[in-house]
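# Reading the structure
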Amino acid sequence: MPILHKKRIGLGFTMLIIVFLFILLSQSLSLISDWLWFSSEGFFTVFSTIIKTKVWLGIASGLIFFSLLSLNFYIAYRLSRDSSYVSRINFFSKFDLSKLGLRILLGLSLIISTFVGLVVSASWLSVLKYFQGVSFNITDPIFSRDISFYFFSLPFIKIILGFLFWLVILSLIGAALQYISRGLLNISQKSFTVTKKAKAHLSFLIFLIFSLIAARIYYVSMTDLLYKSAELFTGGSYTDITARLPLLWVLFGLSLFCGLVVLLNIFFRWRRFTTTVIVLFLAVGILGGMIYPPLVQRLVVLPNEIAKEEPYIKRNIEATQKAFALDRVVERDLSGDSQLTYDDIKNNEMVIKNIRLWEREPLLDTLGQVQEIRTYYDFVSVDNDRYTIDGEYRQTMISPRELNSNSVPSDTFINQRLAYTHGYGAALTPVNEVTEEGLPQLFVKDIPPQSSVDSLKIKRPEVYFGELTNSYVFANTEAQEFDYPSGEENVYADYQGAGGVRVDSFWKKALFAANFRSLKILLSDDINQESRVLYHRNIKERVKKVAPFLMLDSDPYIVIDDEGRLKWIYDTYTHSDNYPYAQMMNVRQEGSSDFPTYNSFNYIRNAVKVVIDAYDGSMKFYIADAKDPLIKTYEKIFPRLFKSMDQMPEGLKAHLRYPEDIFKFQTELYSVYHMEEPQIFYNKEDKWEIPRLGQSSPDDPMMRHIITKLPEEEKEEFILMLPFTPKNKDNMSSWMVARSDGDHYGELVVYRFPKQKLVFGPSQIVNRINQDTEISQQISLWDQRGSEVIQGNLLVIPIEESILYVRPLYIRAAGGQIPELKQVIVAYEKKIVMNQNLSTALKEIFTGEAESEPAVSESTAETEETTTSNEELINQANQYYRAALEAQKQGDWTAYGQQIEKLGQVLSELE
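Just so you know, these numbers come straight off a predicted model, no measurement behind them.

Basis of the calculations
Residues numbered from 1 in each chain as written. Predicted model: local features only at pLDDT ≥ 70, side-chain atom pairs only at ≥ 80, totals over all residues. Heavy atoms only, no water. Helix = DSSP H or I, 4+ residues; strand = E, 2+ residues; numbered from the N terminus. Contact = heavy atoms within 4.5 Å. Areas by Shrake-Rupley, 256 points an atom, 1.4 Å probe, with all protein chains shown as cover. Phe/Tyr/Trp six-rings, centres within 6.5 Å; stacked < 30°, edge-to-face > 60°. Buried < 20%, exposed > 50% of the residue type's maximum accessible area, 1.4 Å probe, protein only. Lys NZ or Arg CZ within 6 Å of the ring centre and 35° of its normal. Pairing = 2+ DSSP bridges. Axes fitted to C-alpha atoms, helices over the stretch in contact; angles between N-to-C directions. Parallel < 35°, antiparallel > 145°, perpendicular 65-115°, else oblique. Left-handed = near helix turned anticlockwise from the far one by under 90°. Nonpolar A, V, L, I, M, F, W, Y, C, P; charged D, E, K, R; others polar. Arc of directions from axis to C-beta. Patch = residues over 30% accessible without salt bridge, like charges linked within 9 Å, V, L, I, M, F, W, Y side chains within 5 Å. Salt bridge = Lys/Arg side-chain N within 4 Å of Asp/Glu carboxyl O. Lys, Arg positive; Asp, Glu negative; His and termini not counted. Charge placed at Lys NZ, Arg CZ, Asp CG, Glu CD. Core = buried A, V, L, I, M, F, W, Y, C linked by side-chain atoms within 4.5 Å. pLDDT = per-residue confidence, 0-100. Polar contact = N/O pair within 3.5 Å; in protein donor to acceptor, adjacent residues only side chain to side chain.

### A look at the overall build of the chain
Check the secondary structure of the chain and you find 27 helices and 34 strands. For the chain, contacts bridging at least 24 residues in sequence account for 68% of all contacts bridging at least 6. For the chain, the accessible area works out to roughly 44000 Å², and carbon and sulfur atoms hold 54% of it.

Here is the structure:
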C-alpha cells in the first residue's frame, strides 16, 4: 500500500511537471513570436522595455519576498527546534512541523514567492509611471498634493503596501503554526500561553501589521474620500471631510499606538492593556464609522445642505472641467434675432453643398450591392471625411473594400493562408450627390479603383491590414496570390511591402507552425525563404499590441493620402480613474492580459493619433495633445515610440477629425457641468439634455460630422456638432462643436440661444414632420405599394445664427437591398417642405423671403415659348397631384387612379 501510494505521488508530480513544461513551451513560443513581430514592426524597444521591466520586477519582488519569508520561517524554525514543549491541541500534536525540515519550509517559500513575483510583474506599467511621472502643476484641495501623486505615486504605494501586507500575514501564519506544533503557543478555551521567544517574534510581526494598517489608512482610506460617489457629486462631501476624515486620523493614531503597545508587550506583561487598546481600535473603526458620520449628515448637513456642500460642489465642478478638458470650452451667445433668408442660403453655397444626404447604414447597404463585386469582399463601415476637390472643400464618405476570409471560395489552407490575402480599394462618394436612379454618385469605385477626381487616385489599393483581417496569411509564396478579379479572369500579384516577418529559416517555419497550431505550415512547399508571414493584422489588435495602455476609439477611419496610399487613422486616449473630485464615466473596453476591462475613468485626453498603412501595416504614433501629463510620462517610458505632430505629413493632417467617443463624454458632462455656480448646480436649474430621437442610435442620437461656417468665422470648416435642449423641454437651448481644421483642431465652442427665444428642437421638428398631412400620407402611400420607406437621421445644420433641419428619405423595394434616395425634407422654424432634391426644397421653403431670380438670358421666341409651355405642364402636374391626394383622403381610389394616370402623361410630356 505505501509503495502504491508513493507511485501515485510520483505520477502526480510527473503530470504536474509535464503540464508546467507544456505551459512554459507555449509561453516561450508566444514570446519568441512577439519578439520577431515587434522587431519587424520597428518597435523592439517597446517590447524590450516591457519584458525587461516584467522580468526584473518579477525577479526582484520574488527574491525579496522569498528572502524575508524564508528568513521568518527560519527564525521560527530555530526558535522552536530545541523546544521540549508538546502542543496541547490534538490536531497539531500529530504534526511536528520542525521535523519536516528547513528544506520543506524553503520550498514552500519559493512557491509562494514565485506566484508573488508573477503577480507583481503584471504591475510593470505602474512601476514605470512612478519613476517617470511628470507633474500636473495642479494640487488637490484637501491634502495639497500635486495631482501627479494620485496618478503615479499612489498606485505604486498600493503595490508596496499589498506586497508587505501579504508578506507579514504569511509570515505570521507560518510562524504561529510552527509555534503551535511545538507547543510554544497554546490556544484553548481556558488558557492562552506563549513562550518568551515566540511572544517576541509574533509581537514584532503584529507590530508590523498595525504599522501597515496605519500606512493604508493614510495613503488609501483618506485618499478614497476624494473619489467617493454621492447623489449630488463625486468627491469628499461636508460629512466626508469634517467627520470621516478626522475619524480616519484618529484610527491612524490608534493603529500606530496599538503597534507600539504590542511591540512593548515583548518586554512587559501588558496582556490586558494590549487587548483593551486593540478592542478600542476596532470599536472606533466599526462603531465610530457607523454612528458618527451618519449623525453629522442627518443633523448638520441635511437641514442646510446647499450652504454646507457649496465649497465641495465647487471643487467637483472645477476638477471635472479640468479632467475632461471642459475648462477649455469657449462660450458664445447668439442674438437670436436673425432670420434666415434665401440670400443667406445662396451666400452659404458650400454649406448647402455639403449637407449629408447619405447616412451610413443606407450607404453601406447600397455599396454592398453595387460595389462589393465578389462575395468575399465586404464593406464593414463608412467613414466621414473631407477632401479638396476641384478647389472646393467637400465632405465625403469612404469605405474600404475588405476581404472576408469566411467567404473565400473553397476553404483550403492555400486559399485561406496563401492565395486570398487582402481586400482591394475603396468606394468614395460626396455626401450630397445622387444619380438619376437615387444612388450615390461615386467619385472612387470599382476594381481596380477608378477615380473621377485626379486628386483621389488610389495607387496602392491592396488592404492587407484592416478591421476584418483577423487571421494570419503568408505572402510571397510559390502559390499564386490573388490580387483582384477582372471579368471572368483573376489577376495575381506578389507582395511588395516590408510588413510581416520573413520566414527565412527552417526554425522560423517550425516556430510559426507550432505557434499557429498548423502542421501544414511546416509541410508546405509553397512557403520559401522569401515568404513573409503577416499576423496581428487587425488594426485594433495591432495598436493594442504596441500600446496596451491607450484606450481606443470605437471608429477608426481610412483616408487616401497624397501618395495615393490607403491609411488608417486611429484615435486613442490616455485615461485614468485617479483624478480627485472629478466625475466618473463608464465605458466598455476589451482588455488584454495586462490591462483588464476598463470600466470607469475620470480623466481622458485624445492624446495620440495612430496612422496605419493598409498595405504594409506600418504604424506611427503621433502625439496630439503635448500638454497631457500622462502622454509626457509614456513618452519618457517609451522615447522611441511617439512622434511629434509636426512630423505628420500635411496630407494626413488635413484629414484629422475630432473623435466622437471623447466628444460624447464631454457633451454628456457639459450638459451638467456648464453650471459653475454651486447653487444652480445643486438645483439643476439650467441642466441641458441631449435630444433623443426614436430612429437614431441610443448612444449617439444627434452627433454629426458636418461642414459649416460657424458664426463669426470667415470660412467653412469640418466640425463635430451636437445640439442641447433644456431639461424636460424640447426646444433647442444651445449647440456644441468640436473643431477639426488646422490650428483650431480640438477647440470646443458652445453657442447659446437667448432663453426668451424659441428655437425648435430636433424632437419638435420630427413630431411636426410626422404630423404633416401631405408628408405622412405620401410616406404611407409608398409603404403600401410594395416599397419600404427609410427615414434618415435628422440633420441639424447651423447657418449664420439660425438652425436648418434636413432629413433624407430613402425608398427600398420590397425584398430588395438597395435603398434609393428619393425625397428630402427641409424644416425651418414653422415651415416644412418635402421635395425630390435639396435645392428645390430650400427654394420652396424660402419663397417670398428671397430676392427674385435673375431673368433668363435667352432671347429667342422659341426658347420663351418652350419655357412657357413647361411652366404650364408643371402647373398641370401639381393640380393632378393635389387632386390625387384629395381623392386618397376621400377613399375614392378610382378617381385617385385617374389623376395618377393624367399625372404620368404630363410627366412624359415634360420628359
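Okay, back to it.
### Some thoughts on the packing of aromatic side chains
Tallied over the entire structure, the rule returns 52 aromatic pairs. With a centroid separation of 6.2 Å and 65 degrees between ring planes, the pair formed by Phe151 and Phe152 is classed as edge-to-face. For the pair formed by Phe151 and Phe152, the shared burial category is buried. One aromatic cluster is present, built from ring pairs that chain together Phe149, Tyr150, Tyr218, Tyr219, Trp249 and Phe252. Directly above the ring of Phe681 sits Lys684, whose terminal nitrogen or CZ lies 4.2 Å from the centroid. The positively charged end of Arg768 is found above the aromatic ring belonging to Phe760, 5.3 Å away from the centroid.

### Here we look at the pairing of strand 27 (residues 717–726)
Across the 10 residues that make up strand 27, a large majority, 10, are buried. Residue alternation in strand 27 divides its side chains into two sets, Glu717, Ile719, Met721, Pro723 and Thr725 and Phe718, Leu720, Leu722, Phe724 and Pro726, and both sets are buried. Direction of pairing for strand 25 (residues 688–689) relative to strand 27: antiparallel, over a ladder of two bridges. The partner of Glu689 across the bridge, within strand 27, is Thr725. Here strand 27 runs beside strand 28 (residues 734–739); their pairing, made up of six bridges, is antiparallel. Note on strand 28: the bridge partner recorded for Leu720 is Ala738.

### What to know about the environment of Phe516
Inspection of the secondary structure puts Phe516 in the loop between helix 16 (506–515) and helix 17 (519–523). When the C-alpha positions of Phe516 and Leu29 are compared, they lie 9.8 Å apart, and in sequence the two are 487 residues distant. Leave out the neighbours within four places in its chain, and Phe516 touches Tyr472, Ile521, Val533 and Tyr535.

### Considering the packing of helix 6 (residues 124–132) against helix 7 (residues 147–181)
Here helix 6 crosses helix 7 at 130 degrees, and the two axes come no closer than 8 Å. When the interaxial angle is binned, helix 6 and helix 7 end up oblique. Read as a crossing pair, helix 6 and helix 7 show a hand that is left-handed. Contacts between helix 6 and helix 7 pair Ser126, Val127, Lys129 and Tyr130 from the former with Phe152, Ser153, Pro155, Phe156 and Ile159 from the latter. Counted by class, the contact of helix 6 with helix 7 contains six nonpolar, two polar and one charged residues.

### With respect to helix 25 (residues 838–845)
Structurally, the α-helix is built with 3.6 residues per turn, so residues lying three or four positions apart point the same way. Along helix 25, the positions that sit buried rather than exposed are Leu838, Ala841, Leu842 and Ile845. Burial along helix 25 is one-sided: seen end-on, the buried residues are contained in an arc of 100 degrees. Residues of helix 25 that are buried sit in contact with helix 12 (342–347), helix 13 (349–353), strand 32 (802–813), strand 33 (820–828) and strand 34 (831–835).

### Overview of a negative patch on the surface
A grouping of Glu310, Glu318, Glu676 and Glu677 is seen on the molecular surface, where their side chains present a negatively charged patch. One can find Glu318 in helix 11 (residues 305–323). Exposure remark for Glu318: the relative accessible area of 39% places this residue in the partly exposed category.

### Some thoughts on the nonpolar core
Ranked by size, the top nonpolar core spans 204 residues in total, and within it Tyr535, Phe549, Phe621, Leu641, Phe642, Phe663 and Trp735 carry the most contacts. For this core, the element with the most residues is helix 7, which contributes 18 residues. The contact partners of Phe663, leaving out residues within four places of it in the chain, are Tyr658, Met703, Leu720, Met721, Leu722, Met736, Val737, Ala738 and Leu748. Judged by nonpolar contacts, the second largest core, of 34 residues, contains Ile345, Ile797, Val833 and Ala841.

### Digging into helix 14 (residues 360–370)
Here helix 14 has its buried residues at Pro362, Leu363, Leu364, Thr366, Leu367 and Gly368. Packing partners of the buried residues in helix 14 comprise strand 4 (377–379), strand 6 (392–403), strand 8 (426–430) and strand 32.

### Focus: the confidence of the model for the chain
Averaged over every residue, the pLDDT of the chain is 86; the share at 70 or more is 87%. Low pLDDT, under 50, characterises residues 591–597; the predicted model gives this stretch 10 contacts beyond four residues in sequence or across chains. A low-confidence stretch, residues 848–865 (pLDDT under 50), is modelled with 12 contacts involving residues beyond four sequence positions or located in other chains.

### Some remarks on the packing of helix 2 (residues 44–81) against helix 6
The relative placement of two packed helices comes down to the angle between their axes together with the axis-to-axis distance. Where helix 2 contacts helix 6, the two axes come as close as 9 Å, and the packing angle between them is 100 degrees. Taken together, the axes of helix 2 and helix 6 lie roughly perpendicular to each other. Note on element contacts: helix 6 touches helix 2 through Trp124, Val127 and Leu128, opposite Thr49, Ile50, Thr53, Lys54 and Leu57.

### A short note on the side chain of Asn404
Position of Asn404 among the secondary structure elements: in the loop between strand 6 and helix 15 (413–419). Of the polar contacts made by the side chain of Asn404, one reaches the side chain of Asp378; its length is 2.7 Å. In this structure the side chain of Asn404 is engaged in a polar contact, spanning 3.1 Å, whose partner is the backbone nitrogen of Asn406. Excluding residues that lie within four positions of it along the chain, Asn404 makes contacts with Tyr376, Asp378 and Leu468.

### Digging into unusual backbone geometry
Cis geometry marks the peptide bond from Ile447 to Pro448, where omega comes out at -10 degrees. Looking at the secondary structure, you find Pro448 in the loop between strand 9 (444–445) and strand 10 (450–451). At Asp446, a residue that is not glycine, the phi angle is positive and equals roughly 65 degrees. In this fold, Asp446 is placed in the loop between strand 9 and strand 10.

### Regarding the sheet that holds strand 16 (residues 532–534)
The sheet built from three strands is open, its strands ordered 12-16-15 with antiparallel pairing. Each having just a single partner strand, strand 12 (473–475) and strand 15 (501–502) make up the two edges of the open sheet. As defined by bridge partners, strand 12 adjoins strand 16 across three bridges and the pair is classed as antiparallel. Its bridge partner being in strand 16, Phe474 is matched across the sheet by Val533.

### So, the pattern of salt bridges
Under the counting rule described, the total for this entry stands at 33 salt bridges. Of the charged contacts in the structure, one is a salt bridge between Arg542 and Glu41, with a shortest N-O distance of 2.8 Å. Residue Arg542 is found in helix 18 (residues 539–546), and its partner Glu41 is found in helix 1 (residues 2–41); the two are separated by 501 residues along the sequence. For the pair shown, Arg542 and Glu41 are each scored as buried. Here Asp625 makes a salt bridge to Arg328, at a shortest N to O gap of 3.8 Å. Here the residue Asp625 occupies a position in the loop between strand 23 (619–623) and helix 19 (629–637), and Arg328 occupies one in the loop between helix 11 and strand 3 (330–333), the gap between them amounting to 297 residues. Of the residues examined, Asp625 reaches a relative accessible area of 12% and is grouped as buried. Judged by its relative accessible area of 44%, Arg328 falls in the partly exposed class.

### With respect to the side chain of Arg542
On the basis of relative accessible area, Arg542 is assigned to the buried category, the value being 0%. At 3.0 Å, the side chain of Arg542 forms a polar contact with the backbone oxygen of His536. In contact with Arg542, other than residues within four places in its own chain, are Trp37, Glu41, Phe465, Tyr535, His536, Arg537, Ile612, Gly617, Ser618 and Met619.

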